[in-house]
Every structure is written in structure tokens, then in C-alpha cells.
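# Residue-level structural notes
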Amino acid sequence: MEAFPTSGILVEAKGFDDFGGWVLDSQFELEMGSPYLLAHGNGRPVADASTVIFVQVAGVYNVWVRTKDWVPGHHPGRFVLKINENRLSTEFGANDKDWNWQVGGRVEIPEGESKLVLHDLTGFCGRCDAIFFSLDDTPPPQPADNAAHAWRQRLLGLENGPVDAGNYDVIVVGGGVPGATAALAAARLGLRVALIQDRPFLGGNASAEIGLHPRGWTCPLIEELSQRTRNGDLQAIKLLNAEPTATVFMEHTVYNAITVGSSIVSVDARYARTGREIRLSAPVFIDCSGKSILGLLSGAETLFGQESRGEYDESLAPVEGDSMHHGNTLFFRTRMTENPVSFPDVPWAKEVAKDFSDLRGQLRKPGSENGPGPVVISPDAKPDPTLAYRMKGPLTHFWEYGQWLDPYTQGENIRDHLLRAVYGTFSNVKTMEPETYANLAFDWVSFVPAQGEYKRYKGDYILNENDIRTHKAFPDAVVKNGGAFCLHYPGDEKYDFRLKFWEWDERDKQPYDIPFRCLYSINISNLLMAGKHMSATHVAGSNTKFMANGAQHAIATAAAAYLCKKYDMTPRGIYENHLTELQDVVRTITGPNVTESINHEDKKMLAGL
């Protein structure tokens, strides 16, 4: 068994007193083990992060820093550590390794208070998870496994395991538009509801830190919570905080589900800023994470990738099924300033971007996509006569990557690849036409990608393309969805961060019905789901994935949770015994004004392609 240090001083970056210009990045906690500080300065070093520690025993300490060299061979994310103004000679993030405890040398530290400072050197996404000081030579545990986590908790003096955070009528996991809708609808039905969200904002891909418009079939409740404040945030958090029976746990990542037989009885979540762990219990759970996270933790049956054409006789499906899925997308915005703006040489980014020099497809502002941007056409470039006209448009979702990678274990690498593509393209534009774009600067680059497709749940029914095209009549229809089949195909011959083709099949433009059997798990008895991971094929899911569509699912699941409490019954029991009442409750929530939601600026642009 590997020996761990039994004593020492562990300082997690997420617990720093002052982040300075660094940002807390918690989105990959289940992948790499912990939230970390990210120096996201778009090529300009960010302000120092700092904290004060108390040292009980003076001495010469060994120093380790857990970090990552995110582009081995180039080391764009370098930073140094200062201890009481003593700058260590080691540049962290420059050892060609993935997440690791990098040796920082030895330093003499006096008894009492000492100040630690993270000093960014590049502005290109240096990252620091934790710092460890020890009087002996035993290094901290390298892998981010359960043993390493227990070691951290012990050194930090945190509770051994989660503390009870209460019992609820229903627990909603995931605070995107579907999750916020499910929680708000449940609260207005009088249920005690807990909403667990792993980000500092609600809205998911529509949140202030990403900014997509919630497309799909909408209603007054969805429109109400999707309205934006001046800073681009959704009104959802304000509305939920006003509900006396709703409790929102922001920046909490669900990492465990406790099951008894085929039922989930409680979930465990960890707070990003402190590491404190809580346990919440309920008789019914609604997964709106978009990742089927409760299914993975509880053993629910799931679907993944593309089904073959013959499996459901779907015209848009490939002849052979495979593991391809919709990748992640990174949004950005540029602007022209009054004075010239320099940008560092980024060969590590140009390795990905190559000679690509088209910055169109920007996010104008939260809720407004597909914006214009600088474009430089190489004199050697030749137009492709086979390229579909739609593929020439300035679309945000052309910046997409990861379709053949595991979104659960390679999410950080997917995000980082997209950052390299954007930075490399920006550099190309400035260097290929230096006089024209001398004043070009980044206005904003999101470090949080818009999430694409993950595993989907298997319910008692799996919706397919033909159900949507033919408007199949379902006796258990609960809500409507609308919009086009939106399928993304990677494989651009030169640029792997660009789509090869984009299918936008509007069919007859009429809404269709979602059966309730697609909204609960086939094998976990008290698990409902809403959003892009509902029970559907890859092709059908390319339409049901729209956020407003998912919010419609969420309304149905909130109504089902209400009836589950009323009759002390499982979701399948509601389907079998109280279907008419479920449909009536859903109608009282959605109301008569159910319409299609689409960004009208984008609609005009799409119509011309």
C-alpha cells in the first residue's frame, strides 16, 4: 500500500482568501478530482491570487503544487508561487505532465502567519489545485482516487463523510433551464424541493457564463424564468429564492447516490468552495443534469452514441451504429479597440488552428448567437464547390470538438482543445492582416463550454425519428416539443474543431407529443428525467435536446413528483393508475399559451442559408 504523508499543511486553491484575477473552475471535479483556480486571461497575465496560512512549527518545508501542463512541450499555463514575498524558482505547469504534484523545492517558513501568492506568468490558463507543505520527504498521493480524497479531507479537518442536509419531497439534480423549471414547478405545486446545481449560475447552456437561447417549445413558466437581467443572468434564481418550499444548493457537485434495491434514497454532493459534503434524501428524484449523472451513480440503463439506421428505421441514422455524439462548443466575442492591442505568439494554439482565420460565429451577448466577426481569406484558399451553403454561415456551433471522445473523462481536454483553436485563429487573423486588425482584442472567451451529448436514459419507451415525423399519437402524451432535427457531424478534413456538416431538418415545423414513459427510468423505480438525456434515440434526441423542449419535460416530471407524493407511488405507478390526472396537472402548469421559442435574429440568418 502506498504511504501517504501523515502530517503537513494542505492548502487548496479553492480556499484562497482572494482569487485576484484567477477564476474557480469546478466543472471537471469528477474527472480530475477537485475544483481548481484557473488563470484565464486570454494572453494577459491575471492579477495575483493570495491567502494567509498559519504555521505552527517553523522549519524547512518541502513544497509540492498540484497542477497541469495543459500543452506539453509548450507550457502556456505557467505560474510561480510566492511565500512571504520569497518567489520559488520553479515554474509550475511546465513539466509536460497531466494533473500531478509538481515538486517546488524547499523553503524555510517561520512560525505564525505566512502569505501565499499565485503569480500568473502568461494569462493562458495556468491552473492550481492545491499546495502541500511537509517537513518530511513523503510526497502527497498522485492519483485523484478515494484514498487521496480521504487524505485531503483528514488534513483539512473536514467531516468524515457527508452531513445530513435534510429530507425533501423531490430532489432535482442539475440547474439548467430544465432543472430550474422542474424545481420552480414543483415548488409552486407545494412540494419541498431541493435543486442541486454544480455551477455558480442557473441556466446551464443558457446561463450567463455560456449564453445560448433556450430554443424549443415553450410556455409562460419557461419564459418567466428565462428572462435575463442586465448582466445576462436568468431570472430563475430570483424566482426560486422567492419560493418558501424551494432550496437551491449552488456550486454543489453530486458525486454519489445511495440506493436500496431499485430505488435511490439519497444523494451526496460536495460544495466547490470548501469541500464540505452534504447528503439529501427524498422519495423521488429528477435528473436534469444533461449527463444522466444519477443514472451513472445508481446503475440506471442508458443509451449512448448513434443507433444504426435499421434499429428504428430512422432515415437520418447512419447505416452502422457507433459511439459518435454531439461534442462541446466554446463561445467567444471580439471587439475593435481605440488603440493597438498586442497578442503573444501562440505556436501551441496554431498547432490546432493551423491557418484557420475566420472568427465568425461569435456570441453577441447572452441569448444572441451566430454573430459576425473578422475573417481573413488566405490567397491560397480555393472555394469548395461541394460545400453546402448552410455550412458557410457564421454559426457558433461550428466551433465544436470531442464527438469521438469520452465526455465524462476527457471533458477538460475537449475544452482545452477548443481554447487552442480559438486562440490560434485569433492570432492568425491579427498576423495575416496586421494593419487591419492591429486593434482587435478579445472581449470575452468562455472557459465553460456549452455541453453537447452524453449518455441518455432508457425509459419504458424510446422516442425515435418516425414518432416525431408522423406525430405519433401516444395515450400518455404529457407535453409538446418542437423544432428541427439538429445533427452535427465532425470530420472537417483540415480543422478538427469545425463541423463537416450540419443537418437542420425542420420536417413540417409542427409540434409533436412526448410520452410520459420517456421521462422515467426503466429500472430505477423513483428516477425521473428531463432534458437532452430523456429516453430517445440519437436522432430524436437531436430535437428533444433543445432547452425549452427539456423544460417541457421538466414540467411533466414536476407534476409526476407531485402525484407520487399524493398517492405514495412510483412514476410508473402514476402512468399505470393516474395518467389522466397527470395530464390535467401538466395543463394547469403550462397553460394554453404554448408556442415555439427561437431567437428571431438567428431565425432570419438561418432562413438565408
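This is a predicted model, so every value here is computed, not measured.

For the chain, per-residue confidence averages 94 on the pLDDT scale, and 94% of positions sit at 70 or higher. Here helix 15 (residues 600-607) stands out as the least confident element of the chain, with mean pLDDT 48; strand 19 (residues 285-287) is the most confident, with 99. Long-range and interchain partners of residues 604-609, a stretch whose pLDDT sits below 50, account for 12 contacts in this model, where long-range means more than four residues apart.

Another point: the side chain of Ser521. Assignment of secondary structure puts Ser521 in the loop between strand 29 (512-515) and strand 30 (527-529). According to the relative accessible area criterion, Ser521 is buried, its value standing at 1%. Polar contacts involving the side chain of Ser521 include one to the main-chain amide nitrogen of Asn523, which spans 3.2 Å. One polar contact links the side chain of Ser521 to the main-chain amide nitrogen of Ile524, over a distance of 3.0 Å. Those residues in contact with Ser521, other than ones at most four positions away along the chain, are Ala300, Lys458, Gly459, Leu527, Met529 and Arg572.

Our focus in this paragraph is the environment of Val23. Here Val23 lies in strand 2 (residues 23-25). Owing to a relative accessible area of 25%, Val23 belongs among the partly exposed residues under this scheme. Sequence separation of Val23 and Ala150 is 127 residues, and the distance between their C-alpha atoms is 25 Å. Discounting residues that sit within four places of it in the chain, Val23 has contacts with Tyr36, Leu37, Leu38, His40 and Phe447.

Strand order in the open sheet made by the four strands is 4-9-6-7, with antiparallel pairing throughout. At either end of the open sheet lies a strand with only one pairing partner, and these are strand 4 (49-55) and strand 7 (86-87). In terms of strand pairing, strand 6 (residues 79-83) meets strand 7 through two bridges, oriented antiparallel. When the bridges of strand 7 are listed, Lys82 appears paired with Arg87.

Cut-offs applied
- Residues numbered from 1 in each chain as written.
- Predicted model: local features only at pLDDT ≥ 70, side-chain atom pairs only at ≥ 80, totals over all residues.
- Heavy atoms only, no water.
- pLDDT = per-residue confidence, 0-100.
- Helix = DSSP H or I, 4+ residues; strand = E, 2+ residues; numbered from the N terminus.
- Contact = heavy atoms within 4.5 Å.
- Buried < 20%, exposed > 50% of the residue type's maximum accessible area, 1.4 Å probe, protein only.
- Polar contact = N/O pair within 3.5 Å; in protein donor to acceptor, adjacent residues only side chain to side chain.
- Pairing = 2+ DSSP bridges.

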